[in-house]
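# Descriptive structure summary
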Amino acid sequence: MTEALVITISNPLLVGIYENKKLIKEYRLDGLTSDLLPIKFKEIFEEFDIKRVSYVNTPGSFMSIKIAYIFLKTITMIKNIDFCAVDGFKFNENSPIKALGKKYFINTKDGLKVDFLEKGCKISDFKLPNGLETLEFSKDTLPIYNLPAV
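Per chain, residue numbering runs from 1 following the sequence as it is written. Local features in this predicted model are restricted to residues of pLDDT 70 or higher, and side-chain atom pairs are both shown and tallied only at a pLDDT of 80 or more, whereas totals for entire chains, interfaces and linings draw on every residue. In computing side-chain values, all of the structure's heavy atoms are included and hydrogens and water are not.

### With respect to the layout of surface pockets
Let me state the cut-off plainly: A cavity here means a set of points on a 1 Å grid, drawn over the protein atoms and nothing else, where a 1.4 Å probe fits but cannot get out; a pocket is an open set with protein on both sides within 12 Å along at least five of seven lines, and a residue lines either one if it has an atom within 4 Å of a point. Grid points are joined across faces, edges and corners, and a volume is the space filled by probe spheres set on the points. Counting from the N terminus, the helices are DSSP H or I runs at least four residues long and the strands are E runs at least two residues long. Each residue gets one label: Ala, Val, Leu, Ile, Met, Phe, Trp, Tyr, Cys and Pro are nonpolar, Asp, Glu, Lys and Arg are charged, and the others, such as Gly, are polar.
Considered as a void within the structure, the largest pocket measures approximately 160 Å³ in volume. Forming the walls of the largest pocket are 13 residues, and the residues nearest its centre are Thr8, Gly31, Leu32, Thr33 and Ser64. Elements that contribute at least two residues to the lining of the largest pocket include exactly α1 (33-47) and α2 (62-78). In terms of residue count, the dominant contributor to the lining of the largest pocket is α2 (three residues). Across the lining of the largest pocket, the residue classes tally to five nonpolar, eight polar and no charged.

What follows is the structure in structure tokens.
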């Protein structure tokens, strides 16, 4: 089975193509999610027979998550493709993820918190995994924003 994994909560945006759960092609895209995803997915669908699309639905840029959700949900419905979601901490070594202003989403043993970084805190870049076997994907694909309304 061929599937795509999309990470839009960082720059560059990352799109991986997986065959039988193994990474076979990686795209690193600099720019806006709204500009890049339609063009890249047109190319991907011309080259690959994608059967499932997964994306990072939390935490991160609200706008990027929302745009990715609307676009990917639409194309997966039109093409009758499975659609799944996964937590962003799986792709940056569980390091803090930029939230709002100088605050970050921090994954702790007690759950997610939004706070300033502690001195010396390491921030890791996002990376596509070489394989998808160990990841737990959710069928609940709605964006999870993690911040209260202002």
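Don't stop here, the text continues.
### Thoughts on the side chain of threonine 2
So the rule is basically this: Side-chain atoms alone can form a polar contact between residues adjacent in sequence; in general such a contact is a pair of N or O atoms within 3.5 Å, and within protein one must be able to donate a hydrogen while the other accepts it. By the convention used here, residues are in contact when the closest approach between their heavy atoms is within 4.5 Å.
Relative to the assigned elements, threonine 2 resides in strand β1 (residues 2-7). Of the polar contacts made by the side chain of threonine 2, one reaches the side chain of glutamate 19; its length is 2.4 Å. In contact with threonine 2, other than residues within four places in its own chain, are Ile17, Tyr18, Glu19, Phe48, Asp49, Ile50, Lys51 and Arg52.

### Quick look at the sheet that holds strand β6 (residues 97-98)
Just so we agree on the cut-off: DSSP calls a pair of strands paired once it identifies at least 2 bridges connecting them.
If you walk across this open sheet you meet the three strands as β6-β7-β8, and the pairing is antiparallel. For this open sheet the edge positions go to β6 and β8 (111-116), each flanked by a neighbour on one side alone.

### What about α2?
As a reminder of what qualifies: Working rule for helices: expected span equals 1.5 Å times residues minus one. Burial classes: relative accessible area under 20% of the type maximum marks a residue as buried, over 50% as exposed, and values in between as partly exposed (1.4 Å probe, protein chains only).
Under the 1.5 Å per step criterion, the end-to-end length of α2 is 24 Å for 17 residues, consistent within 8% with the ideal 24 Å. For α2, the complete set of buried residues consists of Ser64, Ile65, Ala68, Tyr69, Phe71, Leu72, Ile75 and Thr76. Against β1, α1, β4 (50-58) and β5 (82-87) lie the buried residues of α2. Following α2 by one or two positions, asparagine 80 has its phi on the positive side, about 55 degrees.

### Overview of the environment of leucine 32
Assignment of secondary structure puts leucine 32 in the loop between β3 (22-29) and α1. Residue leucine 32 is classed as exposed on the basis of its relative accessible area, which comes to 55%. Separated by 35 residues in sequence, leucine 32 and isoleucine 67 have C-alpha atoms that sit 9.9 Å apart.

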